[in-house]
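In case you want the letters, here they are:
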Amino acid sequence: MDRRGILIGAVVFVMGFMAGQFDLLLGRALGVNLRLPQLTDSFSIGSPSFPKAEKGQEASAAVVHTPAPFDFTEIVNTNIWGAPGRFFNQTRKCVSCDHVWGEQLRSRPRQEPPPKWEDVVPELQRLFSYNGTIKVKSDPRSLYDNRYLGHKAMAPDWSESVINAAVRDCSRGKLRGTYGHETTRKLFKALQSSADVVRGKSVLVIGSENPWVEACCLAAGAANVTTLEYGAINTSHPLLRTLTPDTARELYIQHSPDFVFDVVVTYSSLEHSGLGRYGDILDPHGDIKSVARAWCLVRDGGAIFAGVPCAPKGSDEGIEWNAHKFYGKVMLPHLLANWEQINIFEANWFTGNIVYARKLPPVPYRPQPSPR
């Protein structure tokens, strides 16, 4: 190669390096990851293409082909208000599954303590507050720092005998769970609300400090249950497995045929996502992305039971920094975008009323402006 070719090559290398450093610095300033892993050519943007499951059951989820591989701003665009739904506005958004599953920093433990609200950069404050439409209450004396991500969970060992006992207690209405007997009974009733929803199905549970939700799913007849939790959990139960975010992301990238589900169940978990309470990095849309990831893994026509705190009538929805969110008509349409509302089961307004919804088909890609 002549000197001119060497010089041109050196200039291109330096420019590429500087662009990469700019992405890194900007991402650190905003608390997000602007560098994405290189996904294989076999990936399409949208729901993953899984191999066929055994016994002729399709491990399917409709694929959305997206020409701009790293544009996922529609799912976090909170200016999309949708149309009136059964209980709150129904929103439809394009989901870039490879992007929401490919964000490496989502599964990396945060090393520093969570910041006070006044120390959060203004751009993130704007996004957390939905452009100032929801209230953020902050008490610097009550910051939570329960770093499970990258560590063991609160209850790290779930033996088969413990799970079986909890299943029996749930069936008899005697399981206390995390939030008391009445809340547990109401979740179990919700799971039994339609005979074909959970019985004989594969269930994904998002967030679980102890296996009361898993016990309710098995008592309702689930064929198997997979728990996705920040902290590492060991279990010996043959119908139960547990995953951390890192492990789940690897299964997604590998197109694992057993990483697709019929039902998602989550209770008092989503409202914490992205607030830094459990060792995760700050992300104003952490809860929205968590549900979007689940949507990517659910078979067409599958269901979700999402228990989240709901603001009481006459009260404002918002965030109690950095404990949790209280949902209402502003945030729920974005949290449950692409799910058709079927019913709401009143369980416990503080820890979660349960929204039962069905997966809607994917939305075609539409270029979006920056999230507002």
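Whatever comes next refers back to the structure up there.
This one's a predicted model, so the numbers in the text were calculated from it and none came from an experiment.

So, how was this worked out
- Residues numbered from 1 in each chain as written.
- Predicted model: local features only at pLDDT ≥ 70, side-chain atom pairs only at ≥ 80, totals over all residues.
- Heavy atoms only, no water.
- Helix = DSSP H or I, 4+ residues; strand = E, 2+ residues; numbered from the N terminus.
- Buried < 20%, exposed > 50% of the residue type's maximum accessible area, 1.4 Å probe, protein only.
- Lys, Arg positive; Asp, Glu negative; His and termini not counted.
- Salt bridge = Lys/Arg side-chain N within 4 Å of Asp/Glu carboxyl O.
- Polar contact = N/O pair within 3.5 Å; in protein donor to acceptor, adjacent residues only side chain to side chain.
- Core = buried A, V, L, I, M, F, W, Y, C linked by side-chain atoms within 4.5 Å.
- Contact = heavy atoms within 4.5 Å.
- Pairing = 2+ DSSP bridges.
- Axes fitted to C-alpha atoms, helices over the stretch in contact; angles between N-to-C directions.
- Phe/Tyr/Trp six-rings, centres within 6.5 Å; stacked < 30°, edge-to-face > 60°.
- Lys NZ or Arg CZ within 6 Å of the ring centre and 35° of its normal.
- Disulfide = S-S within 2.5 Å.
- Parallel < 35°, antiparallel > 145°, perpendicular 65-115°, else oblique.
- Left-handed = near helix turned anticlockwise from the far one by under 90°.
- Nonpolar A, V, L, I, M, F, W, Y, C, P; charged D, E, K, R; others polar.

A word on the side chain of K93. Mapped onto the fold, K93 is located in the loop between helix 1 (3-30) and helix 2 (97-102). Buried K93, no salt bridge; nearest opposite-charge side chain is E74, N-O distance 7.8 Å. At 3.0 Å, the side chain of K93 and the backbone oxygen of N77 are in polar contact.

If you look at the biggest cluster of nonpolar residues, it comprises 50 residues, and the most contacted ones within it are F259 and L336. The element that contributes the greatest number of residues to this core is helix 9 (residues 286-297), accounting for seven residues. In contact with L336, not counting residues within four places along its chain, are F88, Q90, V291, I304, A306 and V355. Grouped together as the second largest cluster of nonpolar side chains are 35 residues, A166, L191, L240 and F345 included.

You can see S171 is positioned in helix 4 (residues 160-171). The spacing of S171 and A215 is 44 residues in sequence and 9.0 Å in space, taken between C-alpha atoms. Residues in contact with S171, not counting those within four places in the same chain, are F188 and A219.

To continue, consider the environment of N353. Mapped onto the elements, N353 comes out in strand 12 (residues 352-359). The exposure class assigned to N353 is buried, which follows from its relative accessible area of 13%. Counting along the chain gives 44 residues from N353 to P309, while the straight-line C-alpha distance between them is 6.3 Å.

A side chain with one charge may pair with a side chain of the opposite charge, provided their charged atoms come close. Summed over all chains, the structure comprises eight salt bridges. Between E182 and R185 there is a salt bridge; the shortest N-O distance is 3.2 Å. With E182 and R185 both in helix 5 (residues 181-191), this residue pair falls three residues apart, about one helical turn. Overall, E182 belongs to the partly exposed group, its relative accessible area being 42%. A salt bridge links R249 to E250, with the shortest nitrogen-to-oxygen separation between them at 3.5 Å. By relative accessible area, R249 is classed as buried at 10%. The exposure class assigned to E250 is partly exposed, which follows from its relative accessible area of 37%.

In the segment running from W321 into N322, the intervening peptide bond is cis, with an omega of -15°. Along the chain, the position of N322 falls in the loop between strand 9 (318-321) and strand 10 (324-326). The phi angle at Y130 is positive, at roughly 50°, despite the residue not being glycine. As for its placement among the helices and strands, Y130 is situated in the loop between helix 3 (122-128) and strand 1 (135-138). Its identity as a non-glycine residue notwithstanding, N131 has a phi of 60°, on the positive side. Among the secondary structure elements, N131 is positioned in the loop between helix 3 and strand 1. According to the relative accessible area criterion, N131 is partly exposed, its value standing at 36%.

All right, on to the sheet that holds strand 10 then. The mixed open sheet is built from three strands, whose spatial order is 1-9-10. At either margin of the open sheet sits one strand with a lone partner, and together these are strand 1 and strand 10. Neighbour to neighbour, the strand axes of the sheet diverge by 20° on average, direction disregarded. Inspection of the sheet shows strand 1 paired to strand 9 by four bridges, in the parallel sense. Following the sheet pairing, V136 is matched in strand 9 by I319.

Let's shift gears to the packing of aromatic side chains. For any pair of aromatic rings, the description rests on two quantities: the centre-to-centre distance and the angle between the ring planes. Overall, the coordinates contain eleven aromatic pairs when judged by the stated rule. When the centroid spacing of 5.6 Å and the interplanar angle of 50° are considered together, the rings of Y179 and Y267 count as tilted. Of this pair, Y179 sits in the loop between helix 4 and helix 5 while Y267 sits in strand 7 (residues 261-267), and the two are 88 residues apart along the sequence. Through a chain of ring-to-ring contacts, the aromatic side chains of W101, Y252, F259 and F261 assemble into a single cluster. Above the face of the Y144 ring, R277 is positioned so that its terminal group lies 4.2 Å from the ring centre. One cation-aromatic arrangement involves K359 over W295; the distance from NZ or CZ to the ring centre is 4.3 Å.

Burial analysis of helix 7 (residues 212-219) places eight of its eight residues in the buried class, which makes it a mostly covered element. Following helix 7 by one or two positions, G221 adopts a phi angle in the positive range, close to 100°.

To continue, consider the state of the cysteines. In total, this model carries one disulfide according to the counting rule given. Left unpaired, C217 is separated from the closest cysteine sulfur, that of C216, by 7.0 Å.

Where helix 5 contacts helix 7, the axes come no closer than 9 Å and their chain directions differ by 40°. Relative to helix 7, the element helix 5 lies oblique. Handedness of the crossing formed by helix 5 with helix 7: right-handed. When helix 5 is examined against helix 7, the residues T183, T184, L187, F188 and L191 are found in contact with a partner set consisting of W212, V213, C216, C217 and A219. Counted by class, the contact of helix 5 with helix 7 contains eight nonpolar, two polar and no charged residues.

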